[in-house]
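# Structural overview for review
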Amino acid sequence: MSVSAELARPLVDRYGRVHRDLRISLTDKCNLRCTYCMPAEGVPWLSKDNILTTDELERVAQIAAALGIVEVRLTGGEPLLRRDAVDVVRRMARIVAGDGPLEVSMTTNGLRLPALAEELVAAGLTRVNVSLDTLRPDRFLALTRRNRLDDVLDGIRAALAAGLAPVKLNAVAMRDVNDDELVDLLRFAQDHGCEMRFIEQMPLDAGHVWSRVKMVRGEEILDRLGEVFTLTEISGRGAAPAETFLVDGGPTTVGVIRSVSLPFCGACDRVRLTADGQLRNCLFAREESDLLAVLRGGGSDDDVARLLHTCIAGKLPGHGINDPGFLQPDRPMSAIGG
Ligand code: SF4
């Protein structure tokens, strides 16, 4: 890997945001069918021929590290459905970034963690976010169209036993769906030594049925939790999406991600790579930069670096969800990744 001195510089956009976090979607496929993400029949999958190979993923991560990326989060669809997922982690974790190894984390639905958690840790995975929207089997079935809550709970236990830390639990708060479980979910996290993260529902569903009225705002989540727990805000958030709070004096923390009601785009340090090789400078980007064409067109490392810089240079100040003309991206969440 060799990027010229002229291009081996941080990924800074027009607003001075320095990008250090690369989110890579390993696949758009998933073994759940969450109602807020995709229809029961799924969505047309990305063409297999366009899915980035393990070598291509490693090459892009190496070049990105030369441009100041210090952490990679592997997402999906469901990243652990990729047969080479452990090898991808191993290759990423041996990349030198900044003053140490590239930090590798993952967002997963947890179903394959019982089988893979130990191997993933041995390969270099450090921490994991597991989706957990409910603790009720009937509701899990209704939400994901799969009867697999026990497997997710086993996955969380396997992640903890393998030494992944922190293990964060992500729940999308939905009115009249699971918003009566906010306290139970936080208690579960407390009892298992996990960190709870509540996420405002975002307009990224394949069905384009997101409703601002039905969305549970972060403020309301905090009010409800505050009726039961003592929440103390933790300062020094930096570019992190979540505002975090100590629960009852700690050590458990709870985070709230207010993408819609209190956007944090001003400090965003994230850039995304889709499984089919498209660069997205924002979760809600409506344009993409075709890295696949550069990789498969014989592009040099400098060509890849130049496209990364160009992509970031075109980044908008924010997601625009609260702007009158906001349009949801065409690409569904399952093909963008968390
Ligand atoms: S919405 Fe876009 S700009 Fe805002 S924090 Fe997320 S990725 Fe960054």
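In this report, the structure presented in the accompanying data block is examined.

Rules and cut-offs
- Residues numbered from 1 in each chain as written.
- Predicted model: local features only at pLDDT ≥ 70, side-chain atom pairs only at ≥ 80, totals over all residues.
- Heavy atoms only, no water.
- Near = heavy atom within 4 Å.
- Nonpolar A, V, L, I, M, F, W, Y, C, P; charged D, E, K, R; others polar.
- Helix = DSSP H or I, 4+ residues; strand = E, 2+ residues; numbered from the N terminus.
- Core = buried A, V, L, I, M, F, W, Y, C linked by side-chain atoms within 4.5 Å.
- Buried < 20%, exposed > 50% of the residue type's maximum accessible area, 1.4 Å probe, protein only.
- Contact = heavy atoms within 4.5 Å.
- Pairing = 2+ DSSP bridges.
- Axes fitted to C-alpha atoms, helices over the stretch in contact; angles between N-to-C directions.
- Parallel < 35°, antiparallel > 145°, perpendicular 65-115°, else oblique.
- Left-handed = near helix turned anticlockwise from the far one by under 90°.
- Salt bridge = Lys/Arg side-chain N within 4 Å of Asp/Glu carboxyl O.

We now examine the site of the ligand. Lining the immediate environment of the ligand, one finds F264, C265, C268, R270, R272, C282, L283, F284, K315 and H319. Residue composition of the shell around the ligand, by class: six nonpolar, one polar and three charged.

The omega torsion across G76 and G77 is 0°, close enough to zero to call that bond cis. Here G77 lies in the loop between β4 (71-75) and α2 (85-93). Notably, D248 is not glycine yet its phi reads approximately 50°, a positive angle. Within the fold, D248 resides in the loop between β12 (243-247) and β13 (253-257).

In this section: the nonpolar core. Judged by nonpolar contacts, the single largest core of 88 residues is most densely connected at I156 and L169. Per-element accounting of this core gives the leading share, seven residues, to helix α5 (residues 149-162). Beyond its immediate sequence surroundings of up to four residues, I156 is in contact with V130, L132, V167, L169, F188 and C194. One finds I199, M215, V260 and I336 within the second-largest nonpolar core, a separate group that totals 18 residues.

Right, let's talk about the sheet that holds strand β7 (residues 103-108) for a bit. Across the sheet, which stays open at both edges, the twelve strands sit in the order β11-β12-β13-β10-β9-β8-β7-β4-β3-β14-β15-β16 with mixed pairing between neighbours. At either end of the open sheet lies a strand with only one pairing partner, and these are β11 (231-233) and β16 (289-290). Summarising the sheet, β11 and β12 pair through three bridges and their orientation is antiparallel. Looking at the pairing, L231 lines up with V247 of β12.

With their axes 8 Å apart at the nearest point, helix α3 (residues 113-123) and α5 run at an angle of 20° to one another. For the element pair α3 / α5, the angle class is roughly parallel. Here α3 and α5 pass one another in a crossing that is right-handed. Contacts from L113, P114, A117, E118 and V121 of α3 reach α5 at D151, D154, G155, A158, A159, A161 and A162.

Throughout the structure, instances matching the rule amount to 31 salt bridges. We note a salt bridge from D301 to R59, for which the minimum N-O separation is 2.9 Å. A residue pair is termed long-range when its members are at least 10 positions apart, and D301 in helix α9 (residues 301-313) and R59 in helix α1 (residues 54-66) qualify at 242 residues. Accessibility expressed as a relative area gives 22% for R59, which makes it partly exposed. When the shortest N-O distance is used, the salt bridge between R139 and D180 registers 2.7 Å.

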